[in-house]
Amino acid sequence: MIVVCVTMAHTKMELMTIGQLAQRAGVSTSTLRFYESRGLVHATRTSGNQRRYRRGELRRVAFIRTAQNVGLSLNEITEALATLPDGRIPNKADWTKLSSQWHERLSARIRELEQLRDELTNCIGCGCMSLSSCALNNTDDVLSRNGPGPRILLGD
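Residues numbered from 1 in each chain as written. Predicted model: local features only at pLDDT ≥ 70, side-chain atom pairs only at ≥ 80, totals over all residues. Heavy atoms only, no water.

1. Side note on the overall build of the protein chain
Okay, step 1: Looking only at helices and strands, the protein chain features six helices and four strands.
Okay, step 2: For the protein chain, the proportion of its 156 residues judged to be buried stands at 29%.
Okay, step 3: Sequence-distant contacts in the protein chain: of pairs separated by 6 or more residues, those separated by 24 or more amount to 51%. (Helix = DSSP H or I, 4+ residues; strand = E, 2+ residues; numbered from the N terminus. Buried < 20%, exposed > 50% of the residue type's maximum accessible area, 1.4 Å probe, protein only. Contact = heavy atoms within 4.5 Å.)

2. Details of the confidence of the model for the protein chain
Okay, step 1: Averaged over all residues, the pLDDT of the protein chain is 79; the fraction at 70 or higher stands at 72%.
Okay, step 2: By mean pLDDT, the top-scoring element of the protein chain is helix α2 (residues 29-37) (96), and the lowest-scoring one is strand β1 (residues 3-6) (46).
Okay, step 3: Low pLDDT, under 50, characterises residues 1-12; the predicted model gives this stretch 19 contacts beyond four residues in sequence or across chains. (pLDDT = per-residue confidence, 0-100.)

3. Here we look at the pairing of strand β4 (residues 51-54)
Okay, step 1: Sheet topology places strand β3 (residues 44-45) next to β4; two bridges connect them, and they run antiparallel. Counted as the bridge partner of threonine 44 is arginine 52 from β4.
Okay, step 2: Where β3 hands over to β4, the hairpin turn is made up of five residues, of which asparagine 49 adopts a positive phi near 65 degrees. (Pairing = 2+ DSSP bridges.)

4. Structural notes on unusual backbone geometry
Okay, step 1: Even without glycine at this site, asparagine 49 takes up a positive phi of about 65 degrees.
Okay, step 2: Note on placement: asparagine 49 falls in the loop between β3 and β4.

5. Details of the pattern of salt bridges
Okay, step 1: Following the criterion strictly, the structure yields seven salt bridges and no others.
Okay, step 2: A salt bridge links glutamate 57 to arginine 60; the nearest nitrogen and oxygen atoms lie 3.9 Å apart. Taken together, the residues span about one helical turn, with glutamate 57 and arginine 60 both in helix α3 (residues 57-70) at a distance of three residues. For the residue pair glutamate 57 and arginine 60, the accessibility class agrees, reading buried in each case.
Okay, step 3: Across the pair glutamate 76 and arginine 105 runs a salt bridge whose closest N-O atoms are separated by 3.0 Å. In this pair, glutamate 76 is assigned in helix α4 (residues 74-82) and arginine 105 in helix α5 (residues 92-119), connecting sequence segments 29 residues apart.
Okay, step 4: Relative accessible area serves as the criterion here: at 36%, arginine 105 is assigned to the partly exposed category.
Okay, step 5: Within the structure, one salt-bridge network assembled from shared partners comprises Glu36, Arg45 and Arg51. (Salt bridge = Lys/Arg side-chain N within 4 Å of Asp/Glu carboxyl O.)

6. Side note on the side chain of arginine 60
Okay, step 1: A relative accessible area of 2% places arginine 60 in the buried class.
Okay, step 2: Contact partners of arginine 60, with chain neighbours within four places excluded, come to Gly39, Leu40, Val41, His42, Leu81, Gly87, Arg88, Ile89 and Pro90.

Here it is, written out as structure tokens:
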């Protein structure tokens, strides 16, 4: 069911309920509420205080989900969406511009995953799960100076 609302300018605009948007976007209603609390999506309210979303918010949710899949944090996504004039819905040109900025990040992620795949059976990457074999690659845990996590797989 699509809710039709007459605006002040007496034009018709299709609005979706939170359940409709969630179903169409493939996210939970709590995710949409969270996105709204972060300013990532926008809803209007009915006189009964129920959320109604413009159909274009579906594109914003798709943008957010794709950016998350690339590895961007919600803060980075918020910054990217803030570059759009008047908080409008991202269009193809916006996506092209923003996604080109993420190209190297995605390439680096692919390289890390390939290295993980290639080293997976030999090494946990110094986190460290096997001190007996890692002593060859990480004597006295010197990689710990470079920070937490799988230092070898991160390129240290």
